[in-house]
Amino acid sequence: MRLVSYDDGRVGCLRDDRVYPLTGVPTMRALLENWAGAGLPAIEDGPGIPLADIRLRVPVADPSKIIAAPVNYRDHQAEMSVDSQVGALGFFLKAPSSLLDPDGTVQLPYHDRRFDQEGELALVIGRTARRVSEREALDHVFGYTGLLDITMRGGEDRSTRKSFETFTPMGPVLVTADEFGDPENVELRCWVDGELRQKANTRDLIWGVAQLVAYASTVTTLYPGDVITTGTPAGVGPLRAGDTIRLELSGLGADLAVLVADDEATASATSGRDSGPVPPPARPRRTDR
Ligand code: MN
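Reference entry: report on the structure contained in this document. (Residues numbered from 1 in each chain as written. Predicted model: local features only at pLDDT ≥ 70, side-chain atom pairs only at ≥ 80, totals over all residues. Heavy atoms only, no water.)

**Considerations on the overall build of the protein chain**
Moving on, step 1. Helices and strands together make up the secondary structure of the protein chain, namely seven helices and 19 strands.
Moving on, step 2. A globule of 289 residues ought to have a C-alpha radius of gyration of about 19 Å, and the protein chain, at 18 Å, matches this closely.
Moving on, step 3. Dimensions of the protein chain, computed from the C-alpha atoms along their principal axes, are close to 55 × 45 × 30 Å.
Moving on, step 4. Evaluated residue by residue, the protein chain yields a buried proportion of 55% over its 289 residues.
Moving on, step 5. In the protein chain, the share of contacts with a sequence separation of at least 24, taken over all contacts with a separation of at least 6, comes to 76%.
Moving on, step 6. When the accessible surface of the protein chain is split by element, carbon and sulfur atoms take 47% of a total near 12,300 Å².
Moving on, step 7. Of the side-chain charges in the protein chain, 31 are positive and 42 negative, and the distance between the mean point of each set is 3 Å. (Helix = DSSP H or I, 4+ residues; strand = E, 2+ residues; numbered from the N terminus. Rg over C-alpha atoms; globule rule 2.2 N^0.38 Å. Buried < 20%, exposed > 50% of the residue type's maximum accessible area, 1.4 Å probe, protein only. Contact = heavy atoms within 4.5 Å. Areas by Shrake-Rupley, 256 points an atom, 1.4 Å probe, with all protein chains shown as cover. Lys, Arg positive; Asp, Glu negative; His and termini not counted. Charge placed at Lys NZ, Arg CZ, Asp CG, Glu CD.)

See the structure below:
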């Protein structure tokens, strides 16, 4: 099933550009908390609602945590010129309050810092997981979605650099695991301002989905609704106000798109600009925008 959250957070099934409400489901979090015991709810009888008549919302608005893999593709490790990858670093956390609806606007907070896009495959937990094996791990995954891990470059802690308000666009759909297919063979493409910046396949993840879930569950209990984002491949690059970002993942059937603005940008409040991992240099933009 391809699920969406819409309007005030209610849940529907998306089919052919129409949304069919699910019976007795107030929010996606409620659906996920009941899923292990009760399965998926029924679809209400009726004609459905045209996609154009609803406002898409982030699929899970209130995860207890967003777990994120640092440096989980070798080509991204190479472009950042860093020695460490996920197997040495473990994971970091992004604040759930950084989530942004599909078609929302990423607000860059500072005018004197570099911010990059990171297109990623994310998964949503559906069954509580604590110390699960890799073999069991995927049984705890409810489904998959797209996620943009917007990142400030510099020497500050990752959890700061990636937790600014609006820095975690997610969606637009949450596809159940049975329908999504193999999460370790997903084509990922990400465009900024029409330029294809990232093109990869999740088979090249250093730690695959099952390994990430199993490892994370040795550190912390994973609850229904928790999000794990798998890391970004090569091709990160700077964002500027006016850009559009679009992320396509095979198996989702709908792209995640957001705008970039800097409406309230100020000077940076911290001093990490000239430290930390060094991202690839900005490439010249096309001038015909
Ligand atoms: Mn990332």
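**Focus: the layout of surface pockets**
Moving on, step 1. Estimated volume of the largest pocket: approximately 200 Å³.
Moving on, step 2. Together, 20 residues line the largest pocket, and Pro-70, Val-71, His-76, Arg-158 and Pro-277 are the ones closest to its centre.
Moving on, step 3. Of all the secondary-structure elements, those providing two or more residues to the lining of the largest pocket are helix 2 (74–80) and helix 5 (158–161).
Moving on, step 4. Looking at the lining of the largest pocket, its residues break down into eight nonpolar, four polar and eight charged.
Moving on, step 5. In this structure, the second largest pocket occupies an estimated 150 Å³ of space.
Moving on, step 6. For the lining of the second largest pocket, the class distribution of residues is five nonpolar, two polar and five charged. (1 Å grid on protein atoms, 1.4 Å probe; cavity = no way out; pocket = protein on both sides within 12 Å on 5 of 7 lines; lining within 4 Å. Points joined across faces, edges and corners; volume = space filled by probe spheres on them. Nonpolar A, V, L, I, M, F, W, Y, C, P; charged D, E, K, R; others polar.)

**Some details on the pattern of salt bridges**
Moving on, step 1. Taken as a whole and assessed by the stated rule, the structure comprises 19 salt bridges.
Moving on, step 2. Across the pair Asp-149 and Lys-94 runs a salt bridge, and its minimum N-O distance is 2.5 Å. Of this pair, Asp-149 sits in the loop between strand 12 (141–148) and strand 13 (151–152) while Lys-94 sits in strand 7 (residues 92–94), and the two are 55 residues apart along the sequence.
Moving on, step 3. Its salt-bridge partner being Asp-193, residue Arg-285 comes within 3.8 Å of it at the nearest N-O pair. Placement of Arg-285 in the segment after strand 19 (256–261) and of Asp-193 in the loop between strand 15 (187–192) and strand 16 (195–201) is noted, with a sequence separation of 92 residues between them.
Moving on, step 4. Three or more residues are tied together by salt bridges with common partners; here these are Lys-94, Arg-114, Asp-116, Glu-118, Asp-149, Arg-153 and Lys-162. (Salt bridge = Lys/Arg side-chain N within 4 Å of Asp/Glu carboxyl O.)

**Examining empty space enclosed by the protein**
A water-sized probe rolled over the atoms picks out the places where empty space is left.
Moving on, step 1. In this structure the tally under the stated criterion is one cavity of 30 Å³ or more.
Moving on, step 2. In this structure, the largest cavity encloses a volume near 30 Å³.
Moving on, step 3. What lines the largest cavity is simply Ile-67, Ala-68, Ala-69, Phe-91, Leu-212, Tyr-215, Ala-216 and Ile-228.
Moving on, step 4. Listing elements by their share of the lining of the largest cavity, those giving two or more residues are strand 6 (66–68) and helix 7 (209–219).
Moving on, step 5. Looking at the lining of the largest cavity element by element, the count peaks at three residues for helix 7.

**Points about the sheet that holds strand 18 (residues 244–249)**
Moving on, step 1. Within the open sheet, the five strands sit side by side as 9-19-18-15-16. Their pairing is mixed. Pairing within the sheet leaves two strands with one partner each, and these edge strands are strand 9 (105–107) and strand 16. Within the sheet, the average angular offset between the axes of one strand and its neighbour, ignoring direction, is 20°. (Pairing = 2+ DSSP bridges. Axes fitted to C-alpha atoms, helices over the stretch in contact; angles between N-to-C directions.)

**A look at the pairing of strand 12**
Moving on, step 1. Across the eight residues that make up strand 12, a large majority, eight, are buried.
Moving on, step 2. Here strand 11 (residues 119–125) pairs with strand 12 via seven bridges, running antiparallel. The residue bridging Val-124 from the neighbouring strand is Gly-143, located in strand 12.
Moving on, step 3. Where strand 12 lies against strand 14 (residues 168–176), four bridges are found, and the strand directions are antiparallel. The residue bridging Tyr-144 from the neighbouring strand is Val-175, located in strand 14.

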